[in-house]
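These are the residues of each chain, in order.
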Protein chains: 2
Amino acid sequence: MKKFEEKTIHTNRLYEGKIINLKVDDVTLPNGKTSKRELIEHPGAVAIIAITENQKIIMVEQYRKALERSIIEIPAGKLEKGEKPEYTAMRELEEETGYTADHLELVQTFSTSPGFADEIIHVFFAKGLKKSTSEAVLDDDEFVELMEVPIAEAEEMMADNRIFDAKTAFAVLWAKQRLSIENENNS
Amino acid sequence: MKKFEEKTIHTNRLYEGKIINLKVDDVTLPNGKTSKRELIEHPGAVAIIAITENQKIIMVEQYRKALERSIIEIPAGKLEKGEKPEYTAMRELEEETGYTADHLELVQTFSTSPGFADEIIHVFFAKGLKKSTSEAVLDDDEFVELMEVPIAEAEEMMADNRIFDAKTAFAVLWAKQRLSIENENNS
C-alpha cells in the first residue's frame, strides 16, 4: 500500500545507537511540496499473551525509564538480528516468566508509533503453557516482577493506569474475548 | 509506581527536533550497576473512536514514512503545547473527518513504546457524532482518505495488515465489545 507516498529526497543519519537510530528525511509530498520527517529505527519486538489454566494472564511489572515509572505489561522483548519472531517469543516467555509454550499462534502484528518510529510488535498467543523447571533468566539490566492476573483485575489495572501500555491494553481485550468464546464452547 | 527505579546520573541531549527529541541517560540500576537508556521525547497524542449511527468505525488511510507504506488508523493527532487532550481530540476529529462530537468519554490512556519513548496516547470515544457542515481541514503536510468501516470488515483489515497500528487494533476490539453490549441492551 503506497497511497499518498512520500518520496525520500535526502536522508540525514543523526544517531546510531545500541537499540535505536535517528534519521531525518527530506521528502516530496503528494502535492509536490517538500517536508521533513524525523524517524526512529528500531529492531522490532514480540509480545506474548500467556493465559494460565485458571484463566489468569501472565504479566510483568518493570520500571520504564522513558516514562519514569513502573508499569505492568505482558511479557515482551526485542528481536535479535536475524531471529524469527516465533523464536524470540519462545525465548522471552521462558526468560521473563519461567513458562514454556507448546506452540504460538500469531494474534496480530502492529506498529506502535507509526508517526515517527518503524517499531513493529508481533503479538503471539502461547498455547500449551507449562511451568518450566528452570528459573526466569533476565538480562543484566532487566528487573521485573512476575504476576498472574485474572481478567477482571486486569480491567481494573487499565482503569487506574497500572496497565499503561498499548500492547497490554490490546492483549487484555483480546484475552477477554478469547476466554469468553472458550468458556461458552465448554459450557 | 517507582518499583525498580533507575536513577539518572547524567543526561546527554543529542537532538531537539520539531516533533521528537533524543537523549541518552546514564542510569543507576536497582543492583547498583550502571547502564545507558536511549530515550525519545514526544509531546503525546490523542486518538478518537468514532462510530457512526449505522455502526461503522471512522478511519483514515494515510502514508506513514516511518513504515514506508500507508496504513489505516482511527483519527489521531499530536498534542499541542498546553492543550487539553479533550480539546485536541475534538479538533482532530473535525479536521480529519468533518465530524463533530457532543462530548468525549476517555477510554484509555497508554504508552505506545515504553521501552524507548515517552509518547502517551489518550484514546477517546466520541459520543453524539454529527456530520459537520465544514469540510475536513488538513495540515499542510497531511494527506488522508476518510473511510467508514463495519466492525467485521475492520477485523478483516486486521487479519490482512491493512490495519497495522496498535491504537487502532485496540480500538476495533473495544468498539466490538461496546457495540455488542449496546445491541444487547437494545434488543
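Above this text you will find the structure in question.
About the cut-offs
- Residues numbered from 1 in each chain as written.
- Chains lettered and ligands numbered in written order.
- Predicted model: local features only at pLDDT ≥ 70, side-chain atom pairs only at ≥ 80, totals over all residues.
- Heavy atoms only, no water.
- Helix = DSSP H or I, 4+ residues; strand = E, 2+ residues; numbered from the N terminus.
- Buried < 20%, exposed > 50% of the residue type's maximum accessible area, 1.4 Å probe, protein only.
- Contact = heavy atoms within 4.5 Å.
- Areas by Shrake-Rupley, 256 points an atom, 1.4 Å probe, with all protein chains shown as cover.
- Lys, Arg positive; Asp, Glu negative; His and termini not counted.
- Charge placed at Lys NZ, Arg CZ, Asp CG, Glu CD.
- Core = buried A, V, L, I, M, F, W, Y, C linked by side-chain atoms within 4.5 Å.
- Least-squares fit on C-alpha atoms with pLDDT ≥ 70 in both.
- Phe/Tyr/Trp six-rings, centres within 6.5 Å; stacked < 30°, edge-to-face > 60°.
- Lys NZ or Arg CZ within 6 Å of the ring centre and 35° of its normal.
- Expected span 1.5 Å × (residues − 1).
- Salt bridge = Lys/Arg side-chain N within 4 Å of Asp/Glu carboxyl O.
- Axes fitted to C-alpha atoms, helices over the stretch in contact; angles between N-to-C directions.
- Parallel < 35°, antiparallel > 145°, perpendicular 65-115°, else oblique.
- Left-handed = near helix turned anticlockwise from the far one by under 90°.
- Nonpolar A, V, L, I, M, F, W, Y, C, P; charged D, E, K, R; others polar.
- Buried area = accessible area lost by both parts, 1.4 Å probe.
- Polar contact = N/O pair within 3.5 Å; in protein donor to acceptor, adjacent residues only side chain to side chain.

### Some points on the overall build of chain A
When its secondary structure is counted, chain A shows three helices and twelve strands. Within chain A, buried positions represent 54% of all 187 residues. Considering only intrachain contacts with a sequence separation of at least 6, the fraction spanning at least 24 residues in chain A is 55%. In the form shown here, chain A has an accessible surface area of approximately 8600 Å², with 48% of it arising from carbon and sulfur atoms. Side chains of chain A give 24 positive and 36 negative charges; the mean places of these two sets differ by 7 Å.

### Digging into the nonpolar core
Counting 60 residues, the largest nonpolar core has I49(A), M59(A), F170(A), I49(B), M59(B) and F170(B) as its most contacted members. Contact partners of I49(B), with chain neighbours within four places excluded, come to I74(B), V107(B), V123(B), F124(B), F125(B), A126(B), A171(B), W174(B) and A175(B). One finds V24(A), I40(A), I20(B) and I40(B) within the second-largest nonpolar core, a separate group that totals 14 residues.

### With respect to the relation of the copies chain B and chain A
The two copies are related by a screw motion: chain B maps onto chain A through a turn of 180° and a shift of 0.0 Å along the axis, at an RMSD of 0.0 Å. Read as a symmetry element, the transformation amounts to a two-fold axis. In terms of proximity to the rotation axis, the leading residue of chain B is F170(B), whose C-alpha is 2.4 Å off the axis. A shared interface surface links the copies, since 100% of the contact residues of chain B are contact residues in chain A too.

### Considerations on the packing of aromatic side chains
The relative placement of two aromatic rings is captured by the distance of their centres and the angle of their planes. Residue and element names in this part refer to chain A. Tallied over the entire structure, the rule returns four aromatic pairs over all chains. Note on F110 and F170: the rings are 5.3 Å apart at their centroids and 85° apart in plane angle, and the pair reads as edge-to-face. Separated by 60 residues along the polypeptide, F110 in strand 9 (residues 103–111) and F170 in helix 3 (residues 166–186) bring together distant segments of the chain. Classification of F110 as buried rests on a relative accessible area of 1%. Positioned above the aromatic ring of F164 is the side chain of R69, whose terminal nitrogen or guanidinium carbon lies 4.6 Å from the ring centre.

### Re helix 3 of chain A
Look at helix 3 of chain A: 30 Å from first C-alpha to last across 21 residues, which is about the 30 Å you get at 1.5 Å a residue. Among the residues of helix 3 of chain A, A166(A), K167(A), T168(A), A169(A), F170(A), A171(A), V172(A), L173(A), W174(A), A175(A), R178(A) and L179(A) are the ones counted as buried.

### Considering the pattern of salt bridges
On inspection of all chains with the given rule, the structure shows 42 salt bridges over all chains. Here R91(B) ties to E92(B) by a salt bridge, and the two come within 3.4 Å at their closest N and O atoms. Its salt-bridge partner being E105(B), residue R178(B) comes within 3.1 Å of it at the nearest N-O pair. Of this pair, R178(B) sits in helix 3 (residues 166–186) while E105(B) sits in strand 9 (residues 103–111), placing them 73 residues apart in sequence. Given a relative accessible area of 18%, R178(B) falls into the buried group. For E105(B), a relative accessible area of 24% gives the class partly exposed. Look at the salt bridges and you will find they share partners, linking R13(A), E16(A), K23(A) and E41(A) into a network.

### Focus on the packing of helix 2 (residues 151–159) of chain B against helix 3 of chain B
Residue and element names in this part refer to chain B. The interhelical angle for the contact between helix 2 and helix 3, taken along N-to-C directions, is 150°, at an axis separation of 10 Å. In terms of axis orientation, helix 2 runs roughly antiparallel to helix 3. The crossing of helix 2 and helix 3 is left-handed. Residue-level inspection shows I151, A154, E155 and M158 of helix 2 in contact with helix 3, the latter providing A169, V172, L173, A175, K176 and L179. When its residues are assigned to classes, the contact of helix 2 with helix 3 shows eight nonpolar, no polar and two charged.

### Observations concerning helix 1 (residues 85–97) of chain A
All names here are of chain A. The first and last C-alpha atoms of helix 1 sit 18 Å apart over 13 residues, in line with the 18 Å expected at 1.5 Å per residue. Along helix 1, the residues that are buried comprise T88, A89, R91, E92, L93, E96 and T97. Positive backbone phi, at 75°, marks G98, one or two positions downstream of helix 1.

### Quick notes on the interface of chain B and chain A
Of the residues lining the interface, 73 residues belong to chain B; the matching set on chain A comes to 73 residues. Taken over both partners, the interface formed by chain B and chain A buries close to 6300 Å², and the fraction arising from carbon and sulfur atoms is 62%. Ionic pairing is found between E145(A) and K3(B), a salt bridge with its closest N-O pair at 3.0 Å. Across the chain B-chain A interface, the total number found is 29 residue pairs in polar contact (both at pLDDT 80 or more). A per-element tally of the side of chain B that touches chain A places helix 3 of chain B first, with eight residues. Here the residues of the side of chain B that touches chain A sort into 33 nonpolar, 15 polar and 25 charged.

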